[in-house]
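Here's the letter readout for the chains.
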Amino acid sequence: MAKALVVDDSRAVRMIIAKTLRDLGYEVREAANGREALEVIAVEKTAVKLVLADWNMPEIDGLELLKQLRRISTPDSLAVVMVTTETGMGRMAAALAAGANEYVMKPFTRDILVEKLQLAGIRP
Amino acid sequence: MTVGGWNVSSSSIAIQSENYRFLQEQVYSHTGIVLEDDKQYLFECRLAPIVSQLGLGSINDLCALLRESREAEVGCQVVEAMTTNETYFFRDPAHYDAIRSVLLPRLKQERRDTRKLRFWSAAASTGQEAYSLSMALLEEGLSDWNIQILATDISSRVLDRARGACFQQIEVNRGLPAALLVKYFNRSGLVWQLSEAVRRLVHFEKLDLRQSMAALGPFDLVFCRNVMIYFDAETKQKILKELHVTLSSGGWLMLGGSETAFDIEEWFERQTIGNAIVYVAR
């Protein structure tokens, strides 16, 4: 089963996203910030195929996490989707330039998340 | 219950049967759309804001007002509330995949001399379908072609919104790839507006699908999605025949993902392209 990693400092948001991903067929891991996410990736290595990352988090934020992940992966080998309250065009462009596969603005619905993953060709 | 002088309990009062029939007749006579006998909930949801706005007690009161005063403006509001449909960017992505992978390569070859393409979004609502097509065409490198996208709807209100090309965050968050959002939208506060490059390809006009359409064509593609389900069988057949007349030979008709068309073999060939169903004009 393909693994997905949900990175958000809000436990409630992690739970909502994780449930949606489980419904789609992913085995889900969770992390509360970028540092924890990198620790999970170090253990799981290439088993994780999808990362959904918040932007504003303590220790290592979502954009820095994305940049570090792109040093060891490509958008084809590891899909990274930003899920964030950062809705400025500049932020969105920066995330795409850093290698994000997609960008979901909070607040979002389950349907929005599922459709974004489908549109980006991301499936377990 | 009254809150701040506004009655907000309209949905708790059942619509009387004669009023239900009256509303069905109003919608049918103005649009040809058949709302069947099990749409009580839909009437309540859609008309509650109008009942509240007018300070009325219930949908029954709204019907009484319409009968007594023949308020044309309120009548229009009721019909539009009942017939305005949900739409979002790149709805049914398989349709756009089929357009990119099959229709456009063929048209680019066939029209390499005239470089002219015409499309029609026949139930355009607030414009997301027509604008999605416009973005898809620009992404295919057709910005220097003569492209016309006609977008029509029976509702003047939604067309006014569509022309403005301004959308809320919840609307641009759905179905629209972030790369296209960054490329084709300008943000001003909470509003996201499409760029002139996308807007200039699209022309909006008010149109009732029951009227003759022959003069509108020829089109290479007609979107008529998620609207035929509301018409009775006879009206649906008449519209499908009219749509056929507007299509160029080999042009495509696309219906909604959950819609099917029967007894149209004389006019269309049904083809499956990827996950999309396409009706190709004979």
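Residues numbered from 1 in each chain as written. Chains lettered and ligands numbered in written order. Predicted model: local features only at pLDDT ≥ 70, side-chain atom pairs only at ≥ 80, totals over all residues. Heavy atoms only, no water.

### Topic: the overall build of chain A
Let me state the cut-off plainly: Helix and strand assignments come from DSSP, with helices taken as H or I runs of at least 4 residues and strands as E runs of at least 2, each series counted from the N terminus. Radius of gyration means the value over C-alpha atoms here, while the globule rule gives 2.2 Å times the residue count to the 0.38 power. Throughout this description, buried means an accessible area under 20% of the type-specific maximum (1.4 Å probe, protein chains only), exposed means over 50%, and partly exposed covers the range between. Pairs of residues are marked as contacts when any of their non-hydrogen atoms sit within 4.5 Å.
In terms of regular secondary structure, chain A is built from five helices and five strands. Taking 14 Å as the expected radius of gyration for a compact globule of 124 residues, we find that chain A reaches 13 Å, a close match to that expectation. Taken over the C-alpha atoms alone, chain A extends approximately 35 × 30 × 25 Å along its principal axes. Scored against the burial criterion, the 124 residues of chain A give a buried share of 52%. When contacts within chain A are restricted to residue pairs at least 6 apart in sequence, those whose partners lie at least 24 apart make up 62%.

### Looking at helix α3 (residues 62-72) of chain A
Residues and elements named next belong to chain A. Under the convention used in this document: Note: the arc covers the axis-to-C-beta directions of the helix. Residues adjacent in sequence count toward polar contacts only when both atoms are side-chain atoms; beyond that, a polar contact is any pair of N or O atoms within 3.5 Å, and within protein one must be able to donate a hydrogen and the other to accept it.
Along α3, the residues classified as buried are Gly62, Leu63, Leu65, Leu66, Leu69 and Arg70. The buried side chains of α3 occupy one side of the element, clustering within an arc of 155° when seen end-on. In α3, the exposed positions angled more than 90 degrees off the buried face are occupied by Arg71 and Ile72. Buried residues in α3 make contact with β1 (3-7), α2 (34-44), β3 (48-53), β4 (79-84) and α4 (89-97). Put simply, Asp61 is the residue that caps the front of α3, since its side-chain oxygen is 3.2 Å from the backbone nitrogen of Leu63.

### Some remarks on the packing of aromatic side chains
Residue and element names in this part refer to chain B. Stated precisely, the cut-off is as follows: Stacked, tilted and edge-to-face pairs are distinguished by plane angle, under 30 degrees for stacked and over 60 for edge-to-face with tilted covering the rest, among Phe, Tyr and Trp rings (Trp via its six-membered ring) whose centres lie within 6.5 Å.
Taken as a whole and judged by the stated rule, the model has eight aromatic pairs over all chains. With a centroid separation of 5.0 Å and an interplanar angle of 70°, the aromatic rings of Tyr20 and Phe43 are classed as edge-to-face. In this pair, Tyr20 is assigned in helix α1 (residues 17-31) and Phe43 in helix α2 (residues 40-53), connecting sequence segments 23 residues apart. The pair formed by Tyr20 and Phe43 is uniform in burial state, with each residue classed as buried. With centroids separated by 5.8 Å and ring planes inclined at 85°, the aromatic side chains of Phe89 and Phe185 adopt a geometry described as edge-to-face. Taken as a pair, Phe89 in the loop between α4 (72-83) and α5 (93-110) and Phe185 in strand β6 (residues 185-188) lie far apart in primary sequence, 96 residues in all. On the basis of relative accessibility, which here comes to 0%, the residue Phe89 falls in the buried class.

### What about the interface of chain A and chain B?
In plain terms, the rule: A 1.4 Å probe defines the accessible area here, and the buried area is the portion of it lost by two parts on being joined, summed over both. Between Lys or Arg on one side and Asp or Glu on the other, a salt bridge is scored when a side-chain nitrogen of the former is within 4 Å of a carboxyl oxygen of the latter.
Chain A puts 18 residues into the contact, and the matching count from chain B is 18 residues. Here chain A and chain B share an interface that buries about 1,500 Å² over both sides, 63% of which is from carbon and sulfur atoms. When the buried surface of chain A facing chain B is broken down by residue, Met89, Met105 and Leu119 of chain A rank first, second and third, together holding 38% of it. Remark: the boundary between chain A and chain B carries one salt bridge. Arg174 of chain B serves as the salt-bridge partner of Glu115 of chain A, at 2.9 Å between the closest nitrogen and oxygen. For the pair chain A and chain B, the number of links is six residue pairs in polar contact (both at pLDDT 80 or more). If you list the elements that add at least two residues to the side of chain A that touches chain B, you get α4, β5 (102-105) and α5 (110-119) of chain A. The greatest single-element share of the side of chain A that touches chain B, amounting to five residues, is contributed by α5 of chain A.

### Notes on the side chain of Arg70 of chain A
Residues and elements named next belong to chain A. Rule in force here: None of His or the chain ends enter the tally, which takes Lys and Arg as positive and Asp and Glu as negative.
As for its position among the elements, Arg70 is in helix α3. Although Arg70 lies buried, it forms no salt bridge, and the closest oppositely charged side chain, Asp76, sits 8.3 Å away as judged by the N-O distance. At 3.0 Å, the side chain of Arg70 and the backbone oxygen of Leu78 are in polar contact. Sequence-distant contacts of Arg70, that is, excluding residues within four places in its chain, are made with Pro75, Leu78, Ala79, Val80, Ala98, Gly99 and Asn101.

### Remarks on the domain arrangement of chain B
Note: interface size is frequently given as the accessible area lost on complex formation between the parts. All names here are of chain B. Stated precisely, the cut-off is as follows: As annotated, the domain borders come from an automatic or database domain assignment.
In terms of domain boundaries, chain B breaks down into domain 1 (2-83) and domain 2 (93-281). Placing the centre of domain 1 and that of domain 2 at their C-alpha centroids yields a distance of 31 Å. Between domain 1 and domain 2, the residue contacts involve 10 residues of the former and 10 residues of the latter. In total, about 880 Å² of surface goes out of reach between domain 1 and domain 2, with carbon and sulfur atoms giving 46% of it. Summed over the three residues of domain 1 that lose the most area to domain 2, namely Thr31, Ile33 and Glu80, the buried surface amounts to 46% of that side. Applying the counting rule to domain 1 against domain 2 returns one salt bridge. Residues Glu80 and Arg157 are paired through a salt bridge, measuring 3.0 Å at the closest nitrogen-oxygen approach. Elements supplying a minimum of two residues to the side of domain 1 that touches domain 2: α1 and α4.

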